[in-house]
Amino acid sequence: MKEIVHFEPLTPEKYATYITVGTKAYNQHYRHLWPKGDSAPYIQSSFSKEVLLKEEQDTNTGLFMINYNKEAVGILKITFDKALDTYVAEDALYVDKIYLKKEVTGKGLGKKVLQFISLRAKELKKRIIWLDTMQKGPALYFYLKNGFKEHSETKIPFSQAIETEKPMFIMTKTVSTE
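Residues numbered from 1 in each chain as written. Predicted model: local features only at pLDDT ≥ 70, side-chain atom pairs only at ≥ 80, totals over all residues. Heavy atoms only, no water.

1. Some words on the pairing of strand β5 (residues 128–134)
Where burial is concerned, most of β5 is hidden: six out of the seven residues are buried. Each parallel crossover has a hand, and for strand β4 (residues 92–100) linked through helix α4 (residues 109–123) to β5 it is right-handed. Both β5 and strand β7 (residues 167–174) contribute to a ladder of seven bridges, which runs antiparallel. Of the residues in β7, the one forming a bridge with Asp 132 is Ile 170. (Buried < 20%, exposed > 50% of the residue type's maximum accessible area, 1.4 Å probe, protein only. Helix = DSSP H or I, 4+ residues; strand = E, 2+ residues; numbered from the N terminus. Right-handed = clockwise from strand over helix to strand, strands pointing away. Pairing = 2+ DSSP bridges.)

This is the structure we're talking about:
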């Protein structure tokens, strides 16, 4: 059977699925960042109908369900124009969220997500793609393996997160013009 990955633009009818899948995937990978595993501060700021309504109305934001063989397995949020240092907003695409359920990690979906993002960036004539990733854990190595470079350091912007878990890297990747 051919495995199919589909990026479905988010619509209000899919909000509940986006919230459920996004929350599950986030907690499977990042609950350890929070005291007693309580990720509520992040979940409430990212996965509510009110937040999604606001984000969906923002023409600078792209929200997608990631479907694998017709099953919702992840979410993607990108900001089409977001400046970074010397790169003006029009030259830089920011990847805000890529969350995939643990059950599908290691199946090549992450690479397909990055290919989708790269195609969008190329269509929009971006010079770079950038994102934040934890300094500890497999995501950093995944991004390095896929052509991202460490740009600078940052931290999780939530005071409630465990201090020793807050360090992050800003990663960048040059958009191929080919």
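From this point, the discussion proceeds with the structure in view.
2. Details of the nonpolar core
Within the largest apolar cluster, 28 residues are counted, with the highest numbers of intra-cluster contacts made by Leu 76, Val 95 and Ile 117. Put simply, the parts of the chain that give this core at least two residues each are β1 (5–9), β2 (61–68), β3 (71–79), β4, α4, β5, α5 (138–145) and β7. When residues in this core are grouped by element, the largest group, six residues, is from α4. (Core = buried A, V, L, I, M, F, W, Y, C linked by side-chain atoms within 4.5 Å.)

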